[in-house]
Amino acid sequence: MAKVTLIRGDGVGPEVIRAAQICLEAAGADIEWEEALAGEAARKEQGSLLPSQTLDSIRRNKVALKGPLTTPVGGGFRSLNVEIRRRLDLYACLRPARFWGSVHSLYKDVDIVIVRENKEDLYAGIEFDIDDEFTGIVKDEIRKRTQQEFSSHTAISLKIISQEEAARIARFAFEYALANRRKKVSCVHKANIIKFSDGLFLKTFYEVAKEYEGKIEANDIIVDNLAMQLVQKPQNLDVLVLPNLYGDIISDLAAGLIGGLGIAPGANLGDGMAVFEPVHGAAPKYAGKNMVNPTATILSAVLMLHYLGQKREAAILEKAVRRVIEEGKVVTYDLRQDRDKNKAAGTQEMAEEIAKKVREIREKD
Ligand code: NAD
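Every value quoted in this text rests on a predicted model; they were computed, and no experiment measured them. The residue numbers shown here count from 1 along each chain, following its written sequence. Given that this is a predicted model, residues contribute local features only at a pLDDT of at least 70 and side-chain atom pairs are listed and counted only at 80 or more, while totals for whole chains, interfaces and linings are drawn from all residues. Remark: hydrogens and water are excluded; side-chain values derive from all non-hydrogen atoms of the structure.

Here we look at the nonpolar core
Here the nonpolar core consists of buried residues drawn from Ala, Val, Leu, Ile, Met, Phe, Trp, Tyr and Cys, with membership extended through side-chain atoms lying within 4.5 Å. The cut-offs for exposure are 20% and 50% of the maximum accessible area for each residue type, with area from a 1.4 Å probe on protein chains only; residues under the lower value are buried, those over the upper are exposed, and the others partly exposed. With 87 residues, the main nonpolar core has Leu317 and Ile354 as its most contacted residues. Split by domain, the residues of this core number at least three in each of domain 1 (1–96 + 261–365) and domain 3 (160–258). The contact criterion used is simple: two residues touch if any of their non-hydrogen atoms lie within 4.5 Å. For Ile354, the contacting residues outside a window of four places in its chain are Cys23, Ile298, Leu317, Ala320, Val321 and Val324. Membership of the second largest hydrophobic core comes to 15 residues, among which are Ile7, Ala38, Leu80 and Leu90. Segmentation into domains, and thus their bounds, comes from an automatic or database assignment.

Some remarks on the domain arrangement of the chain
Under the domain assignment used here, the chain contains domain 1 (1–96 + 261–365), domain 2 (122–158) and domain 3 (160–258). Its C-alpha centre places domain 1 at a distance of 39 Å from the equivalent point of domain 2.

So, the packing of aromatic side chains
Centres within 6.5 Å are what make two rings of Phe, Tyr or Trp a pair, Trp counting through its six-membered ring; a difference in plane orientation under 30 degrees is then read as stacked, over 60 as edge-to-face, and the rest as tilted. Following the criterion strictly, the structure yields 7 aromatic pairs and no others. Aromatic side chains Phe205 and Tyr206 sit 5.2 Å apart centroid to centroid with 70° between the ring planes, which places their arrangement in the edge-to-face category. In this structure Phe205 comes out as buried when scored by relative accessible area, which is 1%. Ring centres of Phe276 and Tyr307 lie 5.6 Å apart, and the angle between their planes is 65°; this geometry places the pair in the edge-to-face category. Of this pair, Phe276 sits in strand 12 (residues 273–278) while Tyr307 sits in helix 10 (residues 295–307); the two residues are 31 residues apart in sequence, bridging distant segments of the chain. Every helix listed is a DSSP run of H or I at least four residues long, and every strand listed is a run of E at least two residues long, numbered separately from the N terminus.

Observations regarding the side chain of Asn81
If you trace the backbone, Asn81 turns up in helix 4 (residues 80–87). For Asn81, a relative accessible area of 13% corresponds to the buried category. Any N or O atom pair separated by 3.5 Å or less is treated as a polar contact, with the protein-specific requirement of one donor-capable and one acceptor-capable atom, and with residues adjacent in sequence counted only for side-chain atom pairs. Engagement of the side chain of Asn81 in a polar contact is seen with the backbone oxygen of Leu69, the distance being 3.3 Å.

Notes on the side chain of Glu318
Take Glu318: it is sitting in helix 11 (residues 311–327). The buried category is assigned to Glu318, whose relative accessible area is 18%. Here Glu318 is in contact with Arg98, Trp100, Val302 and His306, once residues within four sequence places are set aside.

Here is the structure:
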């Protein structure tokens, strides 16, 4: 039996996590849950937004299923999610974008896997505010070395890309491609303008690509061009590897292509450790309303089952999700043609429907 840390999260988190648990149980997943708190619930009960017990639980169990967490406004962490990824060295973010049968999917033949670098880039959090006295020192130093002039009202955020992390994420993308019988890995960048940091990301990518020559095709795409290709001919794209910020933006774009955030799953992976979570956030305006789509979290749980080696259970659950979405009867508002919230199924009803399909598939097997 696999022991898995369960973090229900903020906003709609508890609802979508409960929905995933119903489906996992129906699929016969061999999981023992260890509940841990993060976010608002943790602050209330344990006095900390990210208690050390929670990180210890993930370190011990090596696998977690997590609901979204609200980023606290004002002090505290920049983002709890970024902090979890950083503290546990979850350097790769995996976000598959496939056609799931949604009526709002713009294409029927999209099957893209986004591999987002998860720790560096503008997410490193090295920033100098407009009124910070240190900003003046940074500007003076830069002015001396580059003759670059600044307005006196300037804020600065640093884009950090290291060769080590660029190599690690490139290798992750190629290994993923090999293990999952994909044909091509494309490096996404803006190295024509951002010559050093994106340049290093790109150069390192091609160095790693040499190790996979003859096995996996490698090419590169400038990020603005990728945005157009995603809309015009996403069928030509396979595995994409991107620095953190482009990865964040492009994964929402890809979610939009397949029918929205409600069906976009994700995983944060490190060496021997993984935290599975939907791409979407805490959607606070829907919290407690039993309205949002549970599919993104259920499909994140499918990714988790694959990771745990529970392949049969993963395949059954995936099949059940596809059937419910294709039938389009017991689905949440975002999967309805008319998006009518009054006629739509609730989060739990849709989860129960998927669980019912899971049981039917298992009985026939
Ligand atoms: P969001 O993803 O929470 O919601 C944006 C909109 O997307 C919603 O209003 C809703 O219309 C739609 N949506 C999201 N999830 C859906 C679902 N399951 N089904 C149907 N529609 C869905 O983004 P936001 O409003 O920008 O962020 C809210 C909070 O969540 C912020 O505090 C943000 O920092 C946090 N956040 C957390 C994570 C994470 O935990 N990994 C990710 C993104 C945002």
